[in-house]
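# Structural features, examined
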Amino acid sequence: MDIVNQIIAFLLGLSPEQAGELAGAELVLRSPLGNWTMIFLSIALFGLAIWSYRHTQRKMSKFRRTVLTLLRIGAIALMLLLIQRPVLQLTVEGTIRRTLLIGIDTSSSSNIADVRIRQEDLVRAAIAKGDLNADRGLNQGVTGNPDKYSAVPRMDVIREVLSNEDIDLIPRLDEKFDLVFFTFNEQVSEISNPLETNEAGANTLSDLVAESPRTQMGSAVREMLDRKRGQPLAGMLLMTDGASNGGMPPMAAAASASQDKAPLYFYGVGITEPLDIVVNNLYVPEVVTVEDEVNATIRFRGQGLAGQRANLALFVNGKIVDGEDVTFTGNEQTTTLNWLPTEVGEYTLEARIDPRSDETSQENNSRKQRVRVIDSKINVLLAENMPRWEFRYLEAALGRDRRIDLDIFLNGASPAMAQGEGSHYITEFPTDREKLFEYDIIILGDLPPAVMGDSAMQSMQDWVSQFGGGLILLAGRENNPWNYLGTPLSDLVPIEFQSGANLQSVGSYFDQPINLELTAAGSRNPMLQFLPMPDENAEYWQQLPPIYWVSPVTQAKPTTEVLAVDPSLLRATRFGKMPVIALQGFGLGSCLYLGTDNFWRWRALRGGNPYWGFWSQVVQRMAMSRLLTSSSLSQLNMERNDYVAGDRVKVFGRLFKPGYRPYNDAQVSATLRYQASPDSADAGMPTTSQIFLQPAGEQAGFYEASFLAARPGTYTLSLDHDETAKVEALVSDAQFELGETAMNAPLMERMAEASGGRFFREEDLAELPDILDSESETVKSLIDVDVWSSPLFFMLLIGMMGTEWLIRKLTGLK
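Only a predicted model underlies this, so the values are computations on that prediction, with no experimental measurement involved.

### Quick word on the sheet that holds strand 14 (residues 319-327)
Through backbone hydrogen bonds, the strands of a sheet pair up, either in parallel or in antiparallel fashion. Strand order in the open sheet formed by five strands is 11-17-16-13-14, with mixed pairing between adjacent strands. Of all strands in the sheet, those with a lone pairing partner are strand 11 (287-289) and strand 14, marking the two edges. The sheet shows a mean angle of 25° between the axes of neighbouring strands, taken without regard to direction. Sheet analysis places strand 13 (residues 309-316) next to strand 14, joined by eight bridges and oriented antiparallel.

### Topic: helix 20 (residues 745-755)
Along helix 20, the residues that are buried comprise Ala745, Leu747, Met748, Met751, Ala752 and Ser755. Viewed along the axis of helix 20, the buried residues span an arc of 165°, placing them on a single side of the element. As for helix 20, its buried residues are in contact with helix 9 (217-227), strand 8 (233-240), helix 10 (250-259), strand 9 (264-268) and strand 37 (758-760). With a side-chain oxygen positioned 3.3 Å from the backbone nitrogen of Leu747, the residue opening helix 20 is Asn744.

### A look at the sheet that holds strand 20 (residues 441-444)
Pairing is mixed across the open sheet formed by eight strands, whose spatial order is 19-18-20-21-27-26-25-23. Every interior strand has two partners, whereas the edge strands, strand 19 (404-410) and strand 23 (517-518), have only one. For strand 21 (residues 470-474) and strand 27 (residues 589-594), the ladder comprises five bridges, and the chain directions are parallel. Opposite Leu471, over in strand 27, you have Cys591 as the bridge partner.

### Things to note about a nonpolar patch on the surface
Among the surface-exposed residues, Phe40, Leu41, Leu45, Leu48 and Trp51 lie close enough to one another that they form a single nonpolar patch of about 520 Å² accessible area. Looking at the element boundaries, Leu45 is found in helix 2 (residues 35-54).

### Side note on the pattern of salt bridges
Enumeration over the complete set of coordinates arrives at 34 salt bridges. The partner of Arg477 in a salt bridge is Asp597, and the shortest N-O contact between them spans 2.7 Å. Highlighted residues: Arg477 in the loop between strand 21 and strand 22 (495-496) and Asp597 in the loop between strand 27 and helix 18 (609-622), separated in sequence by 120 residues. The shortest N-O distance in the salt bridge between Glu767 and Arg758 comes to 3.2 Å. For Glu767, a relative accessible area of 38% puts it in the partly exposed group. A relative accessible area of 31% means that Arg758 is categorised as partly exposed. One network of salt bridges, with partners in common, ties together Arg118, Glu120, Asp121, Arg124, Glu273 and Glu763.

Basis of the calculations
Residues numbered from 1 in each chain as written. Predicted model: local features only at pLDDT ≥ 70, side-chain atom pairs only at ≥ 80, totals over all residues. Heavy atoms only, no water. Pairing = 2+ DSSP bridges. Helix = DSSP H or I, 4+ residues; strand = E, 2+ residues; numbered from the N terminus. Axes fitted to C-alpha atoms, helices over the stretch in contact; angles between N-to-C directions. Buried < 20%, exposed > 50% of the residue type's maximum accessible area, 1.4 Å probe, protein only. Arc of directions from axis to C-beta. Contact = heavy atoms within 4.5 Å. Polar contact = N/O pair within 3.5 Å; in protein donor to acceptor, adjacent residues only side chain to side chain. Patch = residues over 30% accessible without salt bridge, like charges linked within 9 Å, V, L, I, M, F, W, Y side chains within 5 Å. Areas by Shrake-Rupley, 256 points an atom, 1.4 Å probe, with all protein chains shown as cover. Salt bridge = Lys/Arg side-chain N within 4 Å of Asp/Glu carboxyl O.

Have a look at this one:
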């Protein structure tokens, strides 16, 4: 503030905190007297002042008489103004001290010790340590032994940068802003200034620990902004490698920061092209049959190793069963290794590539998956009204699969068809409850509901909801799903349709071919995965031979997951594209709706593999709930299949006593068995503990329990009263942070640009305080000044009255 503003502030009685650049002023009168009253008083008093000096007996010059009159009028005017209670409203502009949020990434990826080979990466590490001057940038060489810069953990680099006196980042920022420090990973925690030392001489910087398995960068940005909402922010500085594997989408958080006028500034830690071998995924079925070859699909990447070779091996319980020499392309690759199980049991499959000494991380070179090998077959009932084309090809495909024990009911077929040796046919639809419950899957074709009867359909609903059965509805042109409305199967149908539909129009063929379109949910569902890569799989679906009929429906039910749709907008409804493949969970089981009987047309591609591959995966996945338990009375399921150490595992059960009478006990005891991984430090004898399943909800027989999977390994829960009922969970070390070890500079640059910030590296980080200072924020504030109590008012009043008194004395007036 200049000298003029200082004088004005003094005259108006403003404190230094209120003073700033005066941008405007307005005088407001808050008089209790009306305007006409003030005009009358002014005229009367001004007139009296003029009259009194004009009729004074003391002789004086005209000039002196005029001056005295004006001084008297001025004093009276000030007194009248005082009665008016004048308030001066000032508009003051000034800069304010803003808050800068500083977030430090403490997820486990911050422990990665980057193997630095490129010159620029070594120079950046040397700048961070203070061994090279940041002002000279990357155009300088590393002196001395470069090894001390080649494997520095990222968290140590952050510590070096913050304590670097050459960059002098925190002290310079602290001069200009109020600094608030956070650590972020899965959660956000506010910490003290990391450079401040305690009584013992230690500081927060040395105590930072990076151990969280996930980074939720978008959620962290949003939460830090929410915590300081309402404060004037200079922005947010994030010190991170850019990894984000959960929570709010980072770009959505950047857009939110832009709206809050809080630009994001990033200091990128790490290197952009590390040498690293990553095994991303291992795809194998959860349940397989003895002597049924397992195809293990493996996704891997040799980052920065294009053209170099390595051996990819498949291990089963620690023993190698297959392998392949692979040549890295630098991008993600896929290959398949095989294993033929010969004995029933639980097996751990591991895909592994031997680590290199120059890798950034050797902890992401393998993936494990638990597989159960069974000797029991999948019991399938295929019920159909007429031998349409889909039925004929499906009968042949299921009948020759040795994994499947097939029964076929064909309405109206000759009883003689069931008498032939090895025939799959049965003479009547099974209505007996216990006989029906022996099936793992029922494929219900275009069968009229009257053929089954309400009792059998109610038993089928119980079989799905209470015993984990898999019901497949194969749409037809006469009955399915149209005539199931209002029957006990109505709740199981995953889609909605208009009642009273014209069945003749339902049965007509479309003239145009249809290539089904996968939804996002469908691209993730194993039933519909012909190829492991989502993009390749979606492209393969478009190459399948077209179909020429779909059952017209309105929409999917709210609880249904639509997996594939008819892409035609002409056949779409007001709810969107027409569902063709839809899956609905129902109790412990599920119901799959297939809205076409044209899958048989896929047999023309690649020797029929797509057709059988589709039905093979559908049958296996729909039978999964039944295959994962060997008990006919107790059904146990886990909330999901993949767990990492530290997760809480939830188990759900539907428990029955002999005669299918539901359990109603207050609790059911179970044994939890933990077996550490063979290669872990805890490997040895398994440990057991007892847990109790508690009733879940009001319906009898439903139970649930949960336990903490604190360490990696295998957790097996079995019921004490029925040891054949058990579920297993393979818990692995969290590797979310190691799937991509390169610093994600592109993401940080996009977030910075979207929010109005900037991305920094070690060579230009010292510019940050000056850049932030040049963007200082100016605010306007209104200040009300009571004029009557200001120094200016009293100086004017005393000045006028004192001058009048002095002139009157010199003139000889009293």
